[in-house]
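# Structure at a glance
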Amino acid sequence: MGTTTGEAAPAGASPLLTLMTWLSPAFPVGAFAYSHGLEWAAEAGDVRDAASLEEWLADVLAHGAGRNDAILLAVTHRAVTTADGTALAGAAELALALATSRERLLETVTQGNAFVLTVRKTWPTPALDLLRETWAGDVAYAVALGVAAAGHGLPLVQTLEAFLAAFAANLVSAAVRLGVVGQTDGQAVTAALLPHCRRIAAEAATAELDDIGGAAFRSDLASLRHETQYTRLFRS
């Protein structure tokens, strides 16, 4: 198919500044409300200090939603770049099917829909029209970011790195609020996870939907258990 024309980021906004803005805690997607099952893991004692938090999040990045969402983002980015509506719809549909619990689905579509709504009003791009034409359902967060990044001509690998780093940082922030680690230890964990983010981003950049898979079973169970956890601070 033909190639769609990606719009450059607004004047004065480099790709890095654009990604920093979109993935900032200030961007209104409500990421702060989700712990990705981490709240139950802390309750169960699986995550209890900096070392166990780093191990848990490294596994989620490499073997769970981190890697899979990065692949979905990459496939989406390439589909928009080549104006392949069929591939875009396939990625959007699979992204929802991969949610391993009701709360995981809530986590990804609430953020994804909010991201699309905000970007459509403040950072418009024809790529969002392609998404609307090819997919009428809820939009997973990774798919939403992939569409917007491709529409504004943002580099894929840089987008993947920023996405994974923001995902990890948000979960570290959740751990701090749960009292698992303090601010300084939380930043040390985030720093330790960044090489994982770069490696996974590089791998995901050329991956296809058939490469999706995972083995973060304890994280998936945590998400399921969280649905009935008695006291909860987070929505997932």
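Our subject is the structure that appears above.
An account of the accompanying structure is given in this report. Note that this is a predicted model, so its numbers are computed, not measured.

## Observations regarding the overall build of the chain
Within the chain, the secondary structure is distributed over 11 helices and zero strands. When the helices and strands of the chain are read in sequence order from the N terminus, they spell out α-α-α-α-α-α-α-α-α-α-α. Whereas a compact globule of 236 residues would reach a radius of gyration of roughly 18 Å, the chain reaches 17 Å, a difference of no more than 12%. Across its three principal axes, the chain shows a C-alpha extent of roughly 50 × 35 × 30 Å. Put simply, the chain has 236 residues, and 48% of those count as buried. In the chain, the share of contacts with a sequence separation of at least 24, taken over all contacts with a separation of at least 6, comes to 84%. Split by element, the accessible area of the chain, about 10600 Å² in all, is 57% carbon and sulfur. Computing the positive centroid from 15 side-chain charges and the negative centroid from 24, the chain places the two 4 Å apart.

## Focus on a nonpolar patch on the surface
Taken together, the side chains of Leu-16, Leu-17 and Met-20 define a hydrophobic patch exposed on the protein surface, amounting to about 290 Å² of accessible area. Residue position: Leu-17 is located in helix 1 (residues 15-22). Residue Leu-17 is classed as partly exposed on the basis of its relative accessible area of 43%.

## Here we look at helix 6 (residues 102-122)
With 21 residues, helix 6 should cover 30 Å at 1.5 Å per step; its first-to-last C-alpha distance of 30 Å lies within 8% of that length. Along helix 6, the residues that are buried comprise Glu-103, Arg-104, Glu-107, Thr-108, Val-109, Gln-111, Gly-112, Ala-114, Phe-115, Val-116, Thr-118 and Val-119. Buried residues along helix 6 sit against helix 1, helix 5 (85-97), helix 7 (126-134), helix 8 (141-151) and helix 11 (217-226).

## Remarks on the environment of Glu-39
Within the secondary structure, Glu-39 is located in helix 2 (residues 38-44). Since its relative accessible area comes to 6%, Glu-39 is described here as buried. Excluding residues that lie within four positions of it along the chain, Glu-39 makes contacts with Leu-178, His-226, Gln-229, Thr-231, Arg-232, Leu-233 and Phe-234. Reaching out from Glu-39, the side chain makes a polar contact with the backbone nitrogen of Phe-234 at a distance of 3.0 Å.

## Remarks on the nonpolar core
Trp-22, Phe-115 and Leu-160 are the most contacted members of the largest nonpolar core, which has 73 residues in total. The dominant element in this core, judged by the number of residues it contributes, is helix 9 (residues 156-177), at 10 residues. Residues in contact with Trp-22, not counting those within four places in the same chain, are Phe-27, Phe-115, Val-119, Trp-123, Tyr-141, Leu-145, Ala-148, Ala-149, His-152 and Leu-154.

## Remarks on the environment of Glu-133
The residue Glu-133 is located in helix 7 in this model. According to the relative accessible area criterion, Glu-133 is exposed, its value standing at 66%. Remark: the alpha-carbon pair of Glu-133 and Pro-25, spanning 108 residues in sequence, is separated by 30 Å.

## Section: the packing of helix 3 (residues 50-63) against helix 9
Helix 9 packs onto helix 3 with a crossing angle of 145° between their chain directions and a minimal axis gap of 11 Å. Judged by the sense of rotation from one axis to the other, the crossing of helix 3 with helix 9 is right-handed. Only Leu-164, Phe-167, Ala-168, Leu-171, Val-172 and Ala-175 of helix 9 make contact with helix 3, whose side of the interface consists of Leu-53, Leu-57, Val-60 and Leu-61. The residue makeup of the contact of helix 3 with helix 9, split by class, is 10 nonpolar, no polar and no charged.

## What about the packing of aromatic side chains?
Summed over all chains, the structure comprises five aromatic pairs. Arranged with centres 5.4 Å apart and planes meeting at 45°, the rings of Phe-27 and Phe-115 form a pair that is tilted. Of this pair, Phe-27 sits in the loop between helix 1 and helix 2 while Phe-115 is found in helix 6, placing the two residues 88 residues apart along the sequence. Comparing Phe-27 with Phe-115, the two get one shared label, buried. Grouping aromatic residues by their ring pairs yields a cluster made of Trp-22, Phe-27, Phe-115, Trp-123, Tyr-141 and Phe-163.

The rules we used
Residues numbered from 1 in each chain as written. Predicted model: local features only at pLDDT ≥ 70, side-chain atom pairs only at ≥ 80, totals over all residues. Heavy atoms only, no water. Helix = DSSP H or I, 4+ residues; strand = E, 2+ residues; numbered from the N terminus. Rg over C-alpha atoms; globule rule 2.2 N^0.38 Å. Buried < 20%, exposed > 50% of the residue type's maximum accessible area, 1.4 Å probe, protein only. Contact = heavy atoms within 4.5 Å. Areas by Shrake-Rupley, 256 points an atom, 1.4 Å probe, with all protein chains shown as cover. Lys, Arg positive; Asp, Glu negative; His and termini not counted. Charge placed at Lys NZ, Arg CZ, Asp CG, Glu CD. Patch = residues over 30% accessible without salt bridge, like charges linked within 9 Å, V, L, I, M, F, W, Y side chains within 5 Å. Salt bridge = Lys/Arg side-chain N within 4 Å of Asp/Glu carboxyl O. Expected span 1.5 Å × (residues − 1). Polar contact = N/O pair within 3.5 Å; in protein donor to acceptor, adjacent residues only side chain to side chain. Core = buried A, V, L, I, M, F, W, Y, C linked by side-chain atoms within 4.5 Å. Axes fitted to C-alpha atoms, helices over the stretch in contact; angles between N-to-C directions. Left-handed = near helix turned anticlockwise from the far one by under 90°. Nonpolar A, V, L, I, M, F, W, Y, C, P; charged D, E, K, R; others polar. Phe/Tyr/Trp six-rings, centres within 6.5 Å; stacked < 30°, edge-to-face > 60°.

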